[in-house]
Protein chains: 4
Amino acid sequence: MSQPRQSIKVGILGATGTVGQRSAGQAYAKVVRWKLAMSIPDSVRDMVVEECKPDVGGFSECGVVFSGLDADVAGDIEQAFRAADLVVYSNAKNYRRDPLCPLIVPLVNPSHLDIIPYQRQSLGLQKGYIVTNANCSTTGLVVPLAALEKAFGPLETVMVTTLQAISGAGYPGVSSLDIMDNVVPYIGSEEEKIEWETNKILGGLTSDKKAFDLHAPNQINVSAQCTRVPVIDGHTGCVSVKFARSPAPLVAEVEKAFRDFRCEAQDLNVPSAPGQAIVVHDAPDRPQPRLDKDLYNGACVSVGRIRDCPVFDIKFVCLIDNVRLGAATSSVINAEIAVEKGLIQ
Amino acid sequence: MSQPRQSIKVGILGATGTVGQRSAGQAYAKVVRWKLAMSIPDSVRDMVVEECKPDVGGFSECGVVFSGLDADVAGDIEQAFRAADLVVYSNAKNYRRDPLCPLIVPLVNPSHLDIIPYQRQSLGLQKGYIVTNANCSTTGLVVPLAALEKAFGPLETVMVTTLQAISGAGYPGVSSLDIMDNVVPYIGSEEEKIEWETNKILGGLTSDKKAFDLHAPNQINVSAQCTRVPVIDGHTGCVSVKFARSPAPLVAEVEKAFRDFRCEAQDLNVPSAPGQAIVVHDAPDRPQPRLDKDLYNGACVSVGRIRDCPVFDIKFVCLIDNVRLGAATSSVINAEIAVEKGLIQ
Amino acid sequence: MSQPRQSIKVGILGATGTVGQRSAGQAYAKVVRWKLAMSIPDSVRDMVVEECKPDVGGFSECGVVFSGLDADVAGDIEQAFRAADLVVYSNAKNYRRDPLCPLIVPLVNPSHLDIIPYQRQSLGLQKGYIVTNANCSTTGLVVPLAALEKAFGPLETVMVTTLQAISGAGYPGVSSLDIMDNVVPYIGSEEEKIEWETNKILGGLTSDKKAFDLHAPNQINVSAQCTRVPVIDGHTGCVSVKFARSPAPLVAEVEKAFRDFRCEAQDLNVPSAPGQAIVVHDAPDRPQPRLDKDLYNGACVSVGRIRDCPVFDIKFVCLIDNVRLGAATSSVINAEIAVEKGLIQ
Amino acid sequence: MSQPRQSIKVGILGATGTVGQRSAGQAYAKVVRWKLAMSIPDSVRDMVVEECKPDVGGFSECGVVFSGLDADVAGDIEQAFRAADLVVYSNAKNYRRDPLCPLIVPLVNPSHLDIIPYQRQSLGLQKGYIVTNANCSTTGLVVPLAALEKAFGPLETVMVTTLQAISGAGYPGVSSLDIMDNVVPYIGSEEEKIEWETNKILGGLTSDKKAFDLHAPNQINVSAQCTRVPVIDGHTGCVSVKFARSPAPLVAEVEKAFRDFRCEAQDLNVPSAPGQAIVVHDAPDRPQPRLDKDLYNGACVSVGRIRDCPVFDIKFVCLIDNVRLGAATSSVINAEIAVEKGLIQ
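What you are looking at is a predicted structure, and each value in this text was computed from that prediction instead of being measured. (Residues numbered from 1 in each chain as written. Chains lettered and ligands numbered in written order. Predicted model: local features only at pLDDT ≥ 70, side-chain atom pairs only at ≥ 80, totals over all residues. Heavy atoms only, no water.)

### Brief notes about the interface of chain B and chain D
Here is step 1: On the chain D side, the residues contacting the 17 residues of chain B number 17 residues.
Here is step 2: Counting the surface chain B buries against chain D, the share from its top three residues, S176, L177 and M180 of chain B, is 41%.
Here is step 3: At the junction of chain B and chain D, the tally comes to 2 salt bridges.
Here is step 4: Residue K35 of chain D is joined to D178 of chain B by a salt bridge in which the shortest nitrogen-to-oxygen separation is 2.8 Å.
Here is step 5: Inspection of the chain B/chain D interface yields 8 residue pairs in polar contact (both at pLDDT 80 or more). (Contact = heavy atoms within 4.5 Å. Buried area = accessible area lost by both parts, 1.4 Å probe. Salt bridge = Lys/Arg side-chain N within 4 Å of Asp/Glu carboxyl O. Polar contact = N/O pair within 3.5 Å; in protein donor to acceptor, adjacent residues only side chain to side chain.)

Here it is as structure tokens:
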């Protein structure tokens, strides 16, 4: 790409983590609970944290505001920002099932941005709208499912058991006494998210671009079991799928479809798009969260162990970096795509 | 029980673990790699280890010989012991698929001992025979499945994803560099074992007591995905089942069937039988391996999270102590039942 | 012991853990956050939790009240109970440095109970008094130090680095994101506790039984470094000691002193006393927390790797079960000794 | 640096890990057991592994040969390479105590390279010699000790307890059954290495450059206790030091000395030198292995918790990335320095 990309001012809601409400007016480095192996970048260290209101600070000048707010406050605050005609890309769950808000996995369904004009129109806004990204486990699942539907037509049934990392629960999140040398076979409302979100993401828009078709006419039948395991980062999924078509594709064909899958984020060549959307692993014991989550800076999904399923058609294992493509990286790529489409300026 | 039980001499093959072949003639405490939190019992410490041959030491006087041998040597050695007219109860996989050898989960199918007379007859033996117990993950799965079939008739389909403990791989087994902060989504040949063993265990004997019917006429369709997780002891399974009958039982009926399940080992009141074969957990996040594996000295199976499955009928989580009911404890209870039936003297 | 022991009614302060303040009037099983592998005993399950005040419920009839309160409330509440002429045995730190309150490690210094008459007299009480047990890491250290001083006379210098389990921080305590695959080389005020408490415990009473001599005339010079490691239960200490006497005892003499050490709790044969106060391990890589913490129901201290120190005289490794001898078990044994001495009735 | 650096051909002994002896003639990617989160670099993947002999393949053209061999074979092989007049930089322990071989921690004592002419002369060689780097735990300790001696003169006494990562034991190395939820308070011969190597590294050369003075006339009195903890990468040390000088420097002075420490590798600006040799952490609970080992690509040492020691003068915590500065990175920086000094061409 020969032309330099434009520079766009961005805001971040919920940047300091759990103590955000008390941090306004202070330097970022003072109030954040920083838990990454890299240091706080110097360019951020002394930024002053502002109140989470659309009319203070520089929010009104932001081309896009990213929200990492907790669900218990995200609903009202994101609505207030949108009502102030601001553009919000959110990692929170609050608007994922909203009939006007796209729920976008950037490697799967950026086409759902086409509903934005109607969202604005419905709310009488010029610029403002909300886009959400998906639950982290949903994201890791729907990328390979999208590759399968693209190559072989609709899926009929999906069963998935997830083995999820502790970082998915935030900080302080999971007590070490609960998870060390243990499995917790329950993550509140996670299974319902996977079972519901999959059809919105893999479905399309109605022809008038005013609604989501939720994979009409035949929804995919999805059943999920979610567990927490003693892994720091990286959600693993054990998946079985049944295709609508018969006979089903062969294992080798499925593997080729995963390898060949290209997504719009790659075609648009946006800065944070991964080199490959899906990395297929040949080793029989991969992907593994510790070893494979970092591929393409955590912006791809890993797939391995593709084999026949005695019950459905095909079984495989998938892996996503839950704190990158499963969270902020999705919102960033979504926004980068929106820039290319003229929806962020 | 007012009468004292009889005392029976037992032998153990493979008692010292990985260095067994070099340990003959030495005190047990010298050659074993003891890794339990309790100390070596004094009654065992100074026992002299003998060669693994039926005609040395006191093996010929043993009413039963338990085998914890590795699969790479168990085939020949167990056969030699049986050929010497000795009774072998084995944890090894070698004879699990043998058409004459019972594959018994003691809380499920001790009735398969009825094939013993035919096994002896076929081989021209007076006393000797081989009984095996099942793979540890299979055992944790078939106990709740047996309860369901007992209450509601045959199952049609079972899908299970296992999260297995490192102790299942023996010692030294899994390198810490492979499993800390990680999941390994592969355990060699484990999935095939679960998929195959389930039908032999849950099936019956032919009417002439000379063969296993392998759940004829309709085999259960089983699909398993097996993973290794950073847990020391306790295999967790996430299970979905479809009943042959329609409509399927309700969640409350299934829960009651689990709670009401009683097995022959309990009815016979053998010493190592658990107080309950299945413990149903009410808490939404149980069973958990670290907290629940020790129930009834690891001789029961825990079940929890019983709920509707959007794809099949019912989903639930099960847990087994893989080093107790999943291994030696099964052989011990199997032998205790055989004593009651006059098959060990 | 042929005579049955007397039965004494006991109270427990802080039995429900972190939610205690809201639990009055409810059944114990409803309000406790139970995290043990064993189930709640049936005899406790339906007990009604009472307010933490000396004049409610049955506290006034209790021969002894055990306190597991958090330090932020223990000071006032324990004082109120004592002022109501009740006997308090506390695991909290608040009164450990009080000049009238014994700080007792039951395997070391129950003789400090001799100050009780003076504590009562000073406060104008008939029966009431407070006894505390020590910090968990201090406890694991002073038991072997006491054995050394008993056999070889005063110590001059002690250096210790601890590797402490997560259970020492309570529940929810340490976030899994902080400690998995990590070491936290800091535990707030822990080092000061070890450095200070050691001299009170290993010292004696003044001849008038009205004060603690704090190891006068020559205090032991103690330096501690405390770390948190990803271990569930069991605090390990790496210790170097210098004796006042010269030449110092040999390694073999030190080892014999550890093995021969007997304490008053053993001589009095109280119910919870361990069979051995100190277990010496011969294997070069023991004691280890997971394998050795359970010895004698967690009521002893393990010691191993006794060897010459190039800087001081002797180095060794010690291990304590921090949730048993390092906490409640100490208070229980302390009280059992007090019963024998007529200080609890 | 305006001039491009020269390109030098290098060889690596032991590059494939434990199966090296069987790997000659095959592509690297086929025979290596690759366990890193990053993929095998394309430039290395298809390189053909050669026999470990100086006269095969391209070894004779190598300016330097790096050895990562196991100690049980390193002695003979490295000697053979040196005898063939090749330059060997080794991570193995075999020649660390050799009176002619420098034992170099690159941030501390590259001046020991001055013995190379005498090593060559003694053995009748033109070019060949052996240089070793130090044990990983020694390396993490001597960097801060060197800073202290540079600023405040000789140390008299050092006590250190290490908490070492599992990666230090190689692959498969530590069994997960031994280390999960556990501490192993023993690492074979590790304590002796730290106690011995420290004086060779911190000492100088005799004035004739023909021998090491081993910190003459007053050796530092070093005592080490080494433990293995469930951490993947990063060795932590808890250190107490006593200075020869009196009064000792203040904590603030020590902290400044750590911050101000610069080493020859930095002055020479070699490519792999860290931006800072020592990173001082202000937070009271740092350094931590998981969060801090990656600083400066693992080529520095982290120090924190600098405070007064009640027994000696100063206590602090240090941290090293054992698989980078504690291993290969040291050899690489050592060789880069040797290039600048004309000892590798």
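There's more to say after this.
### Focus on the nonpolar core
Grouped burial of nonpolar side chains is what soluble globular proteins tend to show.
Residue and element names in this part refer to chain D.
Here is step 1: Counting residues in each nonpolar core, the largest one holds 60 residues, and the members touching the most others are Y89, L148, V241, F258 and F316.
Here is step 2: In terms of residue count, the dominant contributor to this core is helix 5 (residues 136-152) (8 residues).
Here is step 3: The residues contacting Y89, other than those within four sequence positions of it, are V64, V65, F66, S67, L113, Y129, V131, S331, N334, A335, A338 and I344. (Core = buried A, V, L, I, M, F, W, Y, C linked by side-chain atoms within 4.5 Å. Buried < 20%, exposed > 50% of the residue type's maximum accessible area, 1.4 Å probe, protein only. Helix = DSSP H or I, 4+ residues; strand = E, 2+ residues; numbered from the N terminus.)

### What to know about the sheet that holds strand 1 (residues 10-13) of chain B
All names here are of chain B.
Here is step 1: Strand order in the open sheet made by the 4 strands is 1-2-3-4, with parallel pairing throughout. With one partner strand each, in any of the chains shown, strand 1 and strand 4 (129-132) form the two edges of the open sheet. Adjacent strand axes in the sheet meet at a mean angle of 20°, parallel and antiparallel pairs treated alike.
Here is step 2: Pairing between strand 2 (residues 64-67) and strand 3 (residues 87-90): 3 bridges, direction parallel. Within strand 3, the residue paired with S67 across the bridge is S90. (Pairing = 2+ DSSP bridges. Axes fitted to C-alpha atoms, helices over the stretch in contact; angles between N-to-C directions.)

### A few points about the environment of N322 of chain A
All names here are of chain A.
Here is step 1: If you trace the backbone, N322 turns up in the loop between strand 10 (314-320) and helix 11 (324-340).
Here is step 2: Along the backbone, N322 and Y28 are 294 residues apart, and their C-alpha atoms lie at a distance of 24 Å.
Here is step 3: Once you skip the residues sitting within four places of it in the chain, N322 turns out to touch C136, A165, S167, G168, D233, G234, H235 and A327.
Here is step 4: Engagement of the side chain of N322 in a polar contact is seen with the side chain of S167, the distance being 2.9 Å.

### Here's the deal with the pattern of salt bridges
Here is step 1: Enumeration according to the criterion identifies 72 salt bridges over all chains in this entry.
Here is step 2: Two residues, E51 of chain B and K53 of chain B, come together in a salt bridge whose shortest N-O distance is 3.4 Å.
Here is step 3: Here E191 of chain C ties to R305 of chain D by a salt bridge, and the two come within 2.8 Å at their closest N and O atoms. Pair noted here: E191 of chain C is in helix 7 (residues 190-202) and R305 of chain D is in strand 9 (residues 301-308), and the two residues belong to different chains.
Here is step 4: Under the relative-accessibility criterion, E191 of chain C is labelled buried at 5%.
Here is step 5: Relative accessible area serves as the criterion here: at 13%, R305 of chain D is assigned to the buried category.
Here is step 6: What emerges from the salt-bridge pattern is a single network uniting K293, D294, D321 and R324 of chain A.

### Some points on the relation of the copies chain B and chain D
Here is step 1: If you rotate chain B by 180° and push it 0.0 Å along the axis, it lands on chain D with an RMSD of 0.0 Å. Taken together, the rotation and translation relating the two chain copies correspond to the operation of a two-fold axis. Within chain B, the C-alpha atom positioned nearest to the axis of rotation is that of S176 of chain B, 2.0 Å from it.
Here is step 2: Both copies share a contact surface, since 100% of the interface residues of chain B are interface residues in chain D too. (Least-squares fit on C-alpha atoms with pLDDT ≥ 70 in both.)

### Side note on the relation of the copies chain B and chain A
Here is step 1: Rotating chain B by 180° and translating it 0.0 Å along the rotation axis places it on chain A, where the RMSD comes to 0.0 Å.
Here is step 2: Looking at the interface residues of chain B, 98% of them are also at the interface in chain A, so both copies use one shared face.

### Focus: the environment of K53 of chain A
Here is step 1: Mapped onto the elements, K53 of chain A comes out in the loop between helix 2 (42-45) and strand 2 (64-67).
Here is step 2: Through-space distance from the C-alpha of K53 of chain A to that of L13 of chain A is 9.3 Å; in sequence the pair is 40 residues apart.

### A word on the side chain of T132 of chain A
Residue and element names in this part refer to chain A.
Here is step 1: Summarising the element assignment, T132 is placed in strand 4 (residues 129-132).
Here is step 2: The exposure class of T132 is buried, given its relative accessible area of 1%.
Here is step 3: Leaving out residues up to four positions away in the same chain, T132 has contacts with S90, A92, Y95, R96, P102, L103, I104 and N334.

### A few points about the interface of chain B and chain A
Here is step 1: Chain B puts 49 residues into the contact, and the matching count from chain A is 49 residues.
Here is step 2: Of the roughly 3,700 Å² buried between chain B and chain A, counting both surfaces, carbon and sulfur atoms make up 56%.
Here is step 3: Sorting the residues of chain B by area buried against chain A places D181, Q225 and R290 of chain B first, and these three jointly supply 18% of that buried surface.
Here is step 4: Here chain B is connected to chain A by 6 salt bridges.
Here is step 5: Across the pair E191 of chain B and R307 of chain A runs a salt bridge, and its minimum N-O distance is 3.1 Å.

### Brief notes about the sheet that holds strand 7 (residues 235-243) of chain C
All names here are of chain C.
Here is step 1: If you trace the 6 strands from one edge of the open sheet to the other, you get 6-5-7-10-9-8, paired in mixed fashion. Pairing within the sheet leaves two strands with one partner each, and these edge strands are strand 6 (221-228) and strand 8 (278-280). Mean inter-strand twist for the sheet, computed between neighbouring axes without regard to direction, equals 25°.
Here is step 2: In this structure, strand 9 (residues 301-308) lies alongside strand 10 (residues 314-320), joined through 6 bridges in antiparallel fashion. Paired with R307 across the bridge in strand 10 is K315.

### Re the environment of V311 of chain B
Here is step 1: By the element assignment, V311 of chain B lies in the loop between strand 9 (301-308) and strand 10 (314-320).
Here is step 2: According to the relative accessible area criterion, V311 of chain B is buried, its value standing at 16%.
Here is step 3: If we skip the residues at most four places from it in the chain, V311 of chain B touches T157, V158, M159, N221, V222, S223 and F312 of chain A.

### Details of unusual backbone geometry
Here is step 1: Residue P172 of chain D is bonded to the preceding Y171 of chain D through a cis peptide linkage, with omega at 0°.
Here is step 2: Position of P172 of chain D among the secondary structure elements: in the loop between strand 5 (155-164) and helix 6 (176-179).
Here is step 3: A cis amide bond links R286 of chain D to the next residue, P287 of chain D, at an omega of 5°.
Here is step 4: Although it is not a glycine, D85 of chain A sits at a positive phi angle of roughly 65°.
Here is step 5: Among the structural elements, D85 of chain A can be located in the loop between helix 3 (71-83) and strand 3 (87-90).
Here is step 6: Phi is positive for Y296 of chain A, which is not a glycine, with a value near 50°.
Here is step 7: Looking at the element boundaries, Y296 of chain A is found in the loop between helix 10 (289-292) and strand 9 (301-308).

### Description of the packing of aromatic side chains
Here is step 1: Within this structure, the stated rule accounts for 23 aromatic pairs over all chains.
Here is step 2: Each ring, one from Y28 of chain B and one from W34 of chain B, has its centre 6.4 Å from the other, and the planes form 85°; the classification is edge-to-face.
Here is step 3: Residue class for W34 of chain B comes out partly exposed when judged on its relative accessible area of 24%.
Here is step 4: Seen from their ring centres, F59 of chain B and F81 of chain B are 5.0 Å apart, and the 85° between their planes marks the pair as edge-to-face. Of this pair, F59 of chain B sits in the loop between helix 2 (42-45) and strand 2 while F81 of chain B sits in helix 3 (residues 71-83), and the two are 22 residues apart along the sequence. Considered together, F59 of chain B and F81 of chain B belong to a single accessibility category, that of buried residues.
Here is step 5: Among the aromatic residues, those joined into a cluster by ring pairs are F66, Y89 and Y129 of chain D.
Here is step 6: Over the ring of F212 of chain A we find K200 of chain A, and its NZ or CZ is 4.4 Å from the ring centre. (Phe/Tyr/Trp six-rings, centres within 6.5 Å; stacked < 30°, edge-to-face > 60°. Lys NZ or Arg CZ within 6 Å of the ring centre and 35° of its normal.)

Everything listed is a geometric property; what it means functionally is a separate question.
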